[in-house]
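# A structural walkthrough
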Amino acid sequence: MDGPLQTSPGPAIEPEIVLDDARLGRITSGSVLARAECAVFDVRGPGSLDCLQGLLTSDLVKPGPGSVIYGALLTPKGMIVVDVWVLRRQDALTLVTPLRGRQAALDTFARSLPPRLAQVTDRTDQTEVVMLVGSGGPDVFHALGHQAPDTAGRLVEGGSDQHQLTVARPLQPTYFQALFIGDEESLRGTRESLGHAGVTEGDLVDIEACRVLAGWPALGSEIDQKTLPQEVRYDEIGGVSYTKGCYTGQETVARLHFRGHPNRELRGLIWAEPLPLLDRAILSHGREVGSIRTTLVLPTRRLGLAPVRREVALGDTVIAGGLAATVVALPFHRPIEDAVS
């Protein structure tokens, strides 16, 4: 999935996720535990909260300690550098980013965080990040007992001094139910408890499929070097605050919100059949209006995520990858049956 995405006719679409009936059933009627490809950083120091508040698009102060927050680091011109999950732990702030954004995050921290106020520890190589995805109900969390946060948007810390475990439940909507951060030993009990509750073991395919169904943008796919937060649903998914005050890139984001609109928006595409695509281009009345970024091949149809020019209306038929497709609102899983039936 690495490398720049083409926006002109070329080889078969990548990344492409394929689900057979069994895999589709696992995430639409159950829960799956899968290891994610993430980088993990701890930020400590007397000014860590204030410094990060001035960097991220989201408000880290208002939710208080023990909160789980989604946002992004931006360039001064308001483009997304890397998207971030922030966990306000008792003694530190833990930041979880896509693994491919690890170096970009480190570079931003080196430029922007004064060491006397905020010290960054890269825990990526010593830490596993596991996601619980799918549509399983509250019984899954009951199986974890005191390890599970009582409500969404909160986290619980546990384990031992040598094997710490953090369990975080994001606010909805998102594409996963919970995030588990720890080492192999601390995660062993979690895997056993969830297994007894009927949760199956999965992989990145399950995570990516849930991400597409949720209409959630990914770094290197829907998010490239020139993507503004509002172009990839940050207003809808709670990734940006317009009341917190200044942060890097805030001027561009605020101007677009209060005085304008993005020229393109992340949309869903539905093809009636799961036929191979010829290229990434999306055409409307012969004009290129977007590019396919990720597709999900289901047994009876194909779904896709694509930034599309805003003049293309929901319900329009376009030629995407050489085939007719319908432009739809995201997420697909509202309700999921409409997208997979």
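In case you missed it, the structure is sitting above this.
Before going into details, it helps to say that this report is about the structure given with it. These numbers were taken from a predicted model, which means no experiment stands behind them.

The rules behind these values
Residues numbered from 1 in each chain as written. Predicted model: local features only at pLDDT ≥ 70, side-chain atom pairs only at ≥ 80, totals over all residues. Heavy atoms only, no water. Pairing = 2+ DSSP bridges. Helix = DSSP H or I, 4+ residues; strand = E, 2+ residues; numbered from the N terminus. Contact = heavy atoms within 4.5 Å. Axes fitted to C-alpha atoms, helices over the stretch in contact; angles between N-to-C directions. Left-handed = near helix turned anticlockwise from the far one by under 90°. Nonpolar A, V, L, I, M, F, W, Y, C, P; charged D, E, K, R; others polar.

## With respect to the sheet that holds strand β9 (residues 154-159)
Pairing in this open sheet of six strands is mixed, and the strands run β9-β10-β11-β8-β2-β12 from one edge to the other. Either end of the sheet is taken by a strand with one partner, and the two such strands are β9 and β12 (200-201). Where helix α1 (residues 21-29) meets the sheet, its contacts fall on β2 (31-35), β8 (128-134) and β12, and the angle it forms with β2 comes to roughly 105°.

## Comments concerning the packing of α1 against helix α6 (residues 204-213)
Orientation of α1 relative to α6, taken along the N-to-C sense of each, is 65°, at an axis distance of 11 Å. Like other packed secondary-structure pairs, α1 and α6 cross with a definite hand, here right-handed. Facing α1, whose interface residues are R23, R26 and I27, α6 presents V205, D206, A209, C210 and L213. Looking at side-chain class alone, the contact of α1 with α6 contains five nonpolar, no polar and three charged residues.

## Considerations on the pairing of strand β14 (residues 281-284)
In this sheet, strand β15 (residues 287-291) lies alongside β14 in antiparallel orientation, the contact comprising four bridges. Looking at β15, one finds that S284 is bridged to R287.

## Brief notes about the environment of A36
Within the secondary structure, A36 sits in the loop between β2 and β3 (38-44). Considering only alpha carbons, one finds A36 and T174, 138 residues apart in sequence, at a separation of 15 Å. Those residues within four positions of A36 in sequence are excluded, and the remaining contacts are V129, V130, M131, L204 and I207.

Any link to function would need more than the numbers given here.
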